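# Summary of structural features
Okay, here's what each chain looks like letter by letter:
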Amino acid sequence: MTEEAAPPLELRGISKSFGGVAALRDVDFVLRRGEIHGLVGENGAGKSTLMKIIAGLHGQYDGRMAIDGRPVHFRSPREALAAGIGMVHQELSVVPDLTVAENVYLGQQPTRGGIVDWRAMVDGARRHLADLGIDVDPRARMGSLAIGLQQLIELARVLFSGARIVILDEPTSALSPPEVQRLFEVLRGVRASGRSIVFISHFLDDVLAISDTVTIFRNGRLIATEAAGAIDKGWLIQRMIGRGHEELEGSYIGAIALDSRADAPVVLGVHGLAAGRAFADVSLDVRAGEVLGIYGFMGCGLIELARTLFGKLRADAGTMSVGGKSLRPRSTAEACRAGIAFVPESRRSMLFYGEPVYKNMSISVLGRIGRMLLRPSVEKDIARRHVQSLSIRPPTVETLLGSLSGGNQQKVALAKWLTWPPKVLVLSEPTRGMDVGAKEDVVRIVKGLRDQGMGVVVLSTEPETVLSLADRIVVMKKGRIVHEFAGQTVSKDQLLEAA
Amino acid sequence: MTAMAVFLRNQMRIIAPFATLIVLVAFFSLTSRSFASLDNAANILTQISVTGIIAVGLTFVILCAEIDLSVAAIANVTGIAVAYFTLQEGYVNIANVPLPGFAAILLALLGCFMLGVVNAAGITLIGIPSFIMTLAMMQIGAGICALLVRGQIAYAVPDLVSLLGAGRVMGIPYLVLVAAAFLLAGHLVLTYTRFGRYVYMVGGNREAAEYAGVNVKLVLGTVIVISAMCSGVAGMLGVAHFGSAQQNEFDGYLLDAIAAVVVGGTSLFGGRGGIGNTIIGLLILGVLNNGLDHIQIDSFLKILIRGLILLAALIINVYVQKVRDSA
């Protein structure tokens, strides 16, 4: 042993809290040269927070960080990038209207006499992409490429801008299995060149397949760091979700028994529904007292389908019926009147942060409480009932919504549809970004609504979410329904394969 | 933090403009002999009444995070229209169409209603940003005014308009009472009706309101029409108050009305504020405009001073809101 070089990235005793809630507690993390380091954990476990600190997105934290043994403290992504740290986010930041070459050279185009040197740029991009084993015409328009290629090109850009450490956030969630294999080949090449990669993912099989080392986070703590060869999926899951969550554990390991109710009346009928380029020929039946799960990769048309069902997007073709009555909603108000309720994937787009809890709950039912005038005392009574039955903390209805935790906010969002239950409840990504406890609460609430006879549609790109909620599952791929699982057992692998 | 401090922080949106008002009143009372009198207080109220009626509608629009730049133009059109349908003296050289008073008033109201509907259709059905749509309407309104009076001035308006715009009851101008009634009605609608709640929610988070099943386009369209109707009434009474109907008569009222709403503490980003804020904003503006006439300063400097004081009031408001939001 001659000399032990300092690791490219070393963090010691990192703690970070948001408004009194600890997101990271005393975390030590070391990334070695030429290593692919997998990072797993439930949403809210702290892995994104740690990566945001490393990438300069959170400047305020306790603890020490060092790059190649030199202490650093980034206060902006620019500083982190200058030190050789790049990040590829789940939602890509490519410019779809520019060419591949322009995207690779984004912000640093080669110029000659003040004018962009197109030939140098195209040649340079071609060489650089070929080095990484990416085969694409640098003159192609970015937006015309498949999402998997776009992602590789963004990775190429990050590397090209000088990153020696690359953080990949959920890189495989939107990819098909062949695309995943291609990504892995590129990543192995990057590793061979001595650069280091942090690979954050919910897809444990992917993590185990590509990583050299895996670190597990839970509730803001680093639980364990192990060589990937020494562990398996079950071991990971146990450490990720802790003890006593058998039901959720099942949804991770798979083999969930589906139990659909073929005899109940159809509450939502969809036939041949199509909207633009998002999806086409979608036909579904949702029965009273069943949860229909719709699973697909990101970009497969799920989000658009959910919005179309609720009248936010207009369908180009096809028919819909609710409780036997046909419906072609042109506005959300119309869908709402027909008995459809919707909870979108982003809490930010369905809650009023500056308003008290009770106004957030009553907004959808004001018309039923009073025709013209408001009746705040009735509103508060209704809200108090929900706060109690859903055990929302703090248990007061006057609290401003913005001061609640994410899980409690999600409960408020659900609560607004509980007073006068709709016939059909459409949930888009209902457990995204929640910790285990809140997830279980949501599962319990949704199953409770189902048992009351509501028809529920759950759309998600996370297989665990669909598996933990659904009685019947359809799989969507490139805007079409390609497979249905009913009355059988189904595992996550089967779902992924079908998509 | 004590309960009192929390209460004060939450009320900052109204306290800060109120403090500004007190400071202005105190300043003018000390520097001018003639400012602090009952007569002058009545003057101020009369001076802000036309702006006040316009500002009621504008408060609804700004609470929805939209803007209406056509309020002054619509006021002008409606004022001219009501005169256009009234029998004028022989020396007024306008090809007008004399009708009975009530018909003139109804036609003028219908006119401003229709202009509001056009605004609303452009914004909600076609999807033109309100800033641009009402900018176009401002020009259209000016064009209609020009066509109706062709550079002339009309004087006569229906008796009812004349009474409400220029008459008095027990020494109080009807105009002030009408403005007060509009402000009160606006406050009641915003505070106690379902529609009022929707206005705040649409302004607070438009997407969330839509996902809650609120008919956002209907709410937006309605506030735009309300704004046009308020402007129309202000325009008719304004014409009676000034004693004449002519082009460009209301040009100054656009900025005054917007300033009154915003200086009073209603957020331009929507969802926060209300008629209470608008009343304080109106009083600040009224005291400022009136007070500067009562002190000995270069009259050419007054315009600049007015602008600077308004800027200061806005800075205080923004700063206070930051304090409130960050705590």
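Values in this document were obtained by computation on a predicted structure and should not be read as measured data. (Residues numbered from 1 in each chain as written. Chains lettered and ligands numbered in written order. Predicted model: local features only at pLDDT ≥ 70, side-chain atom pairs only at ≥ 80, totals over all residues. Heavy atoms only, no water.)

## A closer look at the side chain of Asn408 of chain A
- With respect to the helices and strands, Asn408 of chain A occurs in helix α15 (residues 406–415).
- Setting aside chain neighbours within four positions, we find Asn408 of chain A in contact with Ser391, Ile392 and Arg393 of chain A. (Helix = DSSP H or I, 4+ residues; strand = E, 2+ residues; numbered from the N terminus. Contact = heavy atoms within 4.5 Å.)

## Overview of the pattern of salt bridges
- If you walk through the whole model with that rule in mind, you get 27 salt bridges over all chains.
- Linking Arg272 of chain B and Glu355 of chain A is a salt bridge whose minimum nitrogen-to-oxygen distance equals 3.8 Å. Linking Arg272 of chain B in the loop between α12 (251–263) and α13 (275–294) with Glu355 of chain A in the loop between β19 (340–343) and α12 (357–362), this pair reaches from one chain into another.
- Its relative accessible area of 23% is what places Arg272 of chain B among the partly exposed residues.
- One salt-bridge network, in which partners are shared between bridges, spans Glu10, Arg12 and Asp28 of chain A. (Salt bridge = Lys/Arg side-chain N within 4 Å of Asp/Glu carboxyl O. Buried < 20%, exposed > 50% of the residue type's maximum accessible area, 1.4 Å probe, protein only.)

## Observations regarding the packing of aromatic side chains
- Evaluated as defined, the whole model comprises 13 aromatic pairs over all chains.
- Taking 4.8 Å as the distance between ring centres and 70° as the angle between the ring planes, the aromatic pair formed by Tyr105 of chain A and Phe160 of chain A counts as edge-to-face. A residue pair is termed long-range when its members are at least 10 positions apart, and Tyr105 of chain A in the loop between α3 (100–104) and β7 (111–112) and Phe160 of chain A in helix α5 (residues 147–160) qualify at 55 residues.
- Take Tyr105 of chain A: its relative accessible area is 9%, and that puts it in the buried class.
- Among the residues examined, Phe160 of chain A registers a relative accessible area of 27% and is labelled partly exposed.
- A network of ring pairs unites the aromatic residues Phe310, Phe342 and Trp417 of chain A together with Tyr211 of chain B as a single cluster.
- Directly above the aromatic system of Tyr211 of chain B lies the positively charged group of Lys312 of chain A, at a separation of 5.6 Å from the ring centroid. (Phe/Tyr/Trp six-rings, centres within 6.5 Å; stacked < 30°, edge-to-face > 60°. Lys NZ or Arg CZ within 6 Å of the ring centre and 35° of its normal.)

## Some points on the pairing of strand β21 (residues 455–460) of chain A
All names here are of chain A.
- Counting buried positions along β21 gives six out of six residues, so the element sits mostly inside the fold.
- Going residue by residue along β21, you find Gly455, Val457 and Leu459 tucked away on one face and Val456, Val458 and Ser460 tucked away on the opposite face as well.
- In this structure, strand β16 (residues 291–295) lies alongside β21, joined through five bridges in parallel fashion. Across the sheet, the residue bridging to Leu292 is Val457, located in β21.
- Here five bridges tie strand β20 (residues 424–428) to β21, and the two strands are oriented parallel to one another. Considered in β21, the bridge of Val424 is made with Gly455. (Pairing = 2+ DSSP bridges.)

## What to know about the sheet that holds strand β22 (residues 472–477) of chain A
Residue and element names in this part refer to chain A.
- Strand order in this open sheet of six strands is β19-β20-β21-β16-β22-β23, and the pairing throughout is mixed. Strands at the two margins of the open sheet, each flanked by one partner only, are β19 and β23 (480–485). For this sheet, the mean angle separating the axes of adjacent strands, direction not counted, is 20°.
- Here five bridges tie β22 to β23, and the two strands are oriented antiparallel to one another. The residue of β23 that forms the bridge with Met476 is Ile481.
- In the packing of helix α10 (residues 302–309) onto the sheet, the strands contacted are β16, β19, β20, β21 and β22, and the crossing angle to β21 comes to about 150°. (Axes fitted to C-alpha atoms, helices over the stretch in contact; angles between N-to-C directions.)

## So, the domain arrangement of chain A
All names here are of chain A.
- Annotation of chain A at the domain level lists domain 1 (9–253), domain 2 (256–339 + 422–498) and domain 3 (355–405 + 412–419).
- Here domain 2 and domain 3 have C-alpha centroids that lie 26 Å from each other.
- Across the contact, eight residues belong to domain 2 and four residues belong to domain 3.
- Counting across the domain 2 and domain 3 interface gives zero residue pairs in polar contact (both at pLDDT 80 or more).
- For the side of domain 2 that touches domain 3, the secondary structure elements donating two or more residues are β20 and α16 (436–451).
- Here the side of domain 2 that touches domain 3 gets three residues from one element, more than from any other, and that element is α16. (Domains from an automatic or database assignment. Polar contact = N/O pair within 3.5 Å; in protein donor to acceptor, adjacent residues only side chain to side chain.)

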